Amino acid sequence: MQKQKTILITGGAGFIGSHLCRKLLNRGDYVLCVDNFFTGRRQNIVDLLDNRNFEIIRHDVVEPLYVEVDEIYNMACPASPPHYQYNSIKTMKTSVIGVLNMLGLARRTRSKILQASTSEVYGDPEVHPQSESYTGNVNITGPRSCYDESKRAAETMCFDYHRTHGVDIRVVRIFNTYGPNMDINDGRVVSNFIVQALRGEDITVYGDGSQTRSFCYVSDLVRGIVDFMDNPDFTGPMNLGNDGEFTILELAEKVIQLTGSKSKIIHKDLPVDDPTRRRPDLTLARSRINYEPQVKLEDGLKETIAYFKSAIGN
Ligand code: NAD
Ligand code: UDP
């Protein structure tokens, strides 16, 4: 029989992290969930607390952590623009010092480490769709830079630990992902629109709504992340997401239609440096891990709407 693996998930009480905890527990791993509960919530993992293969540690990844593990998924970092801009210096520390601590842990324990990077490393891209070879168009000093640049530095650190110390790394660039366990106050577009529609509030489209995003349902992403970790000898960086592309206005209209809401669309100022277009080139993921997103936007939105209905008691 294979030895049970101990897997550390930082940011495990967050949106994606909580799905990852479930997926790994379901296949028989021992999951050590680490979170400082900045944007993560006990509610996301409360049903796991009685599981004998699950353990939670309240800990900030900016501080070193001494545990014995076989694999590390480094997911800790606020991901929504209002949350990562709330304390931009802390965001930088979380990404840069956090990954440094986790790489040190991976080196000492000889464990594999997967770093949750982001499509934001491409900034406001001049190349479309974005493939991994594109080095990006990122503002160094703007309000999004604390997130974008620290995630870029975190990738650099992963590759330096790989080259210098032989640490077994996986770097995944995640594109906009949505689904159950997002916080009502998360601030990202899918959760904002659904919560506004369910409450009958105005739907806030920033700018004219012609900017595009590609939305990935969380089950597709988490399957891809785990397959990537399990794939031998491939560091990435590798894009993961869904390559369907929608304007933000189309998303607003879809949410209104699926919720049957009477909400009106209003327009607000476009945030500084808001990327104009975004769509992952998934060629690498398709060839390396046989990745194919399964969940269509409409189906994923229906699941997410059902979750928010119960979360806000609608
Ligand atoms: P989230 O905000 O729901 O989860 C982040 C988790 O990290 C939370 O539980 C939070 O409390 C925890 N955390 C934050 N700072 C920490 C610290 N210093 N120490 C310990 N824990 C800390 O966001 P998410 O959408 O689940 O994102 C998870 C990861 O995936 C992040 O690294 C994010 O950058 C990356 N990502 C997400 C998306 C997306 O669309 N959801 C896209 C690109 C990248
Ligand atoms: N957006 C919007 N209304 C909102 C929240 C976001 O129009 O209430 C827009 C935002 O300006 C961006 C897109 O939706 O163009 C995606 O924003 P999000 O914060 O979800 O993630 P991003 O991809 O920008 O990091």
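Residues numbered from 1 in each chain as written. Chains lettered and ligands numbered in written order. Predicted model: local features only at pLDDT ≥ 70, side-chain atom pairs only at ≥ 80, totals over all residues. Heavy atoms only, no water.

Turning next to the site of ligand 1. What surrounds ligand 1 is a group of 29 residues, the closest being Ile 16, Asp 35, Thr 39, Tyr 147 and Thr 177. Asp 60 is positioned with one of its side-chain polar atoms (N or O) 2.9 Å from a nitrogen atom of ligand 1. Thr 177 places a polar main-chain atom, nitrogen or oxygen, 2.7 Å from an oxygen atom of ligand 1. Contact with the protein chains hides 97% of the accessible area of ligand 1, taken as 830 Å² for the molecule alone. At the level of elements, α1 (15–26), β5 (112–118) and α4 (145–165) are the ones that each hand at least two residues to the shell around ligand 1. It is β5 that provides the largest number of residues to the shell around ligand 1, a total of 3 residues. A per-class count over the shell around ligand 1 returns 14 nonpolar, 11 polar and 4 charged. (Near = heavy atom within 4 Å. Polar contact = N/O pair within 3.5 Å; in protein donor to acceptor, adjacent residues only side chain to side chain. Areas by Shrake-Rupley, 256 points an atom, 1.4 Å probe, with all protein chains shown as cover. Helix = DSSP H or I, 4+ residues; strand = E, 2+ residues; numbered from the N terminus. Nonpolar A, V, L, I, M, F, W, Y, C, P; charged D, E, K, R; others polar.)

This next bit is on helix α5 (residues 189–199). Because each turn of an α-helix spans 3.6 residues, side chains separated by three or four positions in sequence point in the same direction. Here α5 lies mainly inside the structure; 9 of its 11 residues are buried. The set of residues buried in α5 consists of Val 190, Ser 191, Asn 192, Phe 193, Ile 194, Val 195, Gln 196, Ala 197 and Leu 198. (Buried < 20%, exposed > 50% of the residue type's maximum accessible area, 1.4 Å probe, protein only.)

All right, on to the packing of aromatic side chains then. By convention here, two paired aromatic rings are described through the distance between centres and the angle between planes. One pass over the full model with this rule turns up 7 aromatic pairs. Note on Tyr 84 and Tyr 147: the rings are 4.3 Å apart at their centroids and 5 degrees apart in plane angle, and the pair reads as stacked. Placement of Tyr 84 in helix α2 (residues 81–86) and of Tyr 147 in helix α4 is noted, with a sequence separation of 63 residues between them. Here Tyr 84 matches Tyr 147 in class, with each residue buried. The rings of Tyr 122, Tyr 134 and Phe 175 are connected pair by pair, giving a single aromatic cluster. Lying across the ring of Phe 234, Arg 288 places its NZ or CZ 4.0 Å from the centre. (Phe/Tyr/Trp six-rings, centres within 6.5 Å; stacked < 30°, edge-to-face > 60°. Lys NZ or Arg CZ within 6 Å of the ring centre and 35° of its normal.)

Here we take up the site of ligand 2. Of all residues adjacent to ligand 2, which total 17 residues, the nearest are Thr 204, Tyr 206, Arg 213, Asp 274 and Arg 278. Residue Glu 120 places a side-chain N or O atom 3.3 Å away from an oxygen atom belonging to ligand 2. A distance of 3.0 Å separates an oxygen atom of ligand 2 from a polar side-chain atom of Gln 211. Alone, ligand 2 offers 520 Å² of accessible surface; in the complex the protein occludes 96% of this. Looking at the shell around ligand 2, the elements with two or more residues in it are α5 and β8 (203–206). Split by residue class, the shell around ligand 2 holds 7 nonpolar, 4 polar and 6 charged.

This brings us to the sheet that holds strand β3 (residues 54–58). Read from one edge to the other, the open sheet built from 7 strands follows the order β3-β2-β1-β4-β5-β6-β11, with strand pairing classed as parallel. The sheet is open, and its two borders are formed by β3 and β11 (238–240), each paired with just one other strand. Ignoring which end each strand starts from, the neighbouring axes of this sheet average 20 degrees apart. Alignment of strand β4 (residues 71–74) against β5, held across 4 bridges, turns out to be parallel. Among the inter-strand pairings, Glu 71 is bridged to a residue of β5, identified as Lys 112. Taken strand by strand, helix α3 (residues 88–109) contacts β1 (6–10), β4, β5 and β6 (169–174), and its axis lies near 175 degrees from that of β4. (Pairing = 2+ DSSP bridges. Axes fitted to C-alpha atoms, helices over the stretch in contact; angles between N-to-C directions. Contact = heavy atoms within 4.5 Å.)

So, on to the packing of α1 against helix α6 (residues 218–230). Put simply, α1 and α6 touch, their axes get as near as 10 Å, and they point 60 degrees apart. By the angle between their axes, α1 is oblique relative to α6. Our pair here, α1 against α6, has a crossing hand that is right-handed. Side by side, α1 and α6 meet where Phe 15, Ile 16, His 19, Leu 20, Lys 23 and Leu 24 of the first sit next to Val 218, Leu 221, Val 222, Arg 223, Ile 225 and Val 226 of the second. (Parallel < 35°, antiparallel > 145°, perpendicular 65-115°, else oblique. Left-handed = near helix turned anticlockwise from the far one by under 90°.)

Turning to the nonpolar core, a few remarks are in order. Ile 9, Leu 20, Tyr 73, Met 75, Ile 225 and Leu 240 are the most contacted members of the largest nonpolar core, which totals 59 residues. Considering each element in turn, this core owes the most residues, 7 residues, to α6. Core analysis: the second largest hydrophobic core is formed by 23 residues, Leu 8, Ala 76, Val 99 and Ile 169 among them. (Core = buried A, V, L, I, M, F, W, Y, C linked by side-chain atoms within 4.5 Å.)

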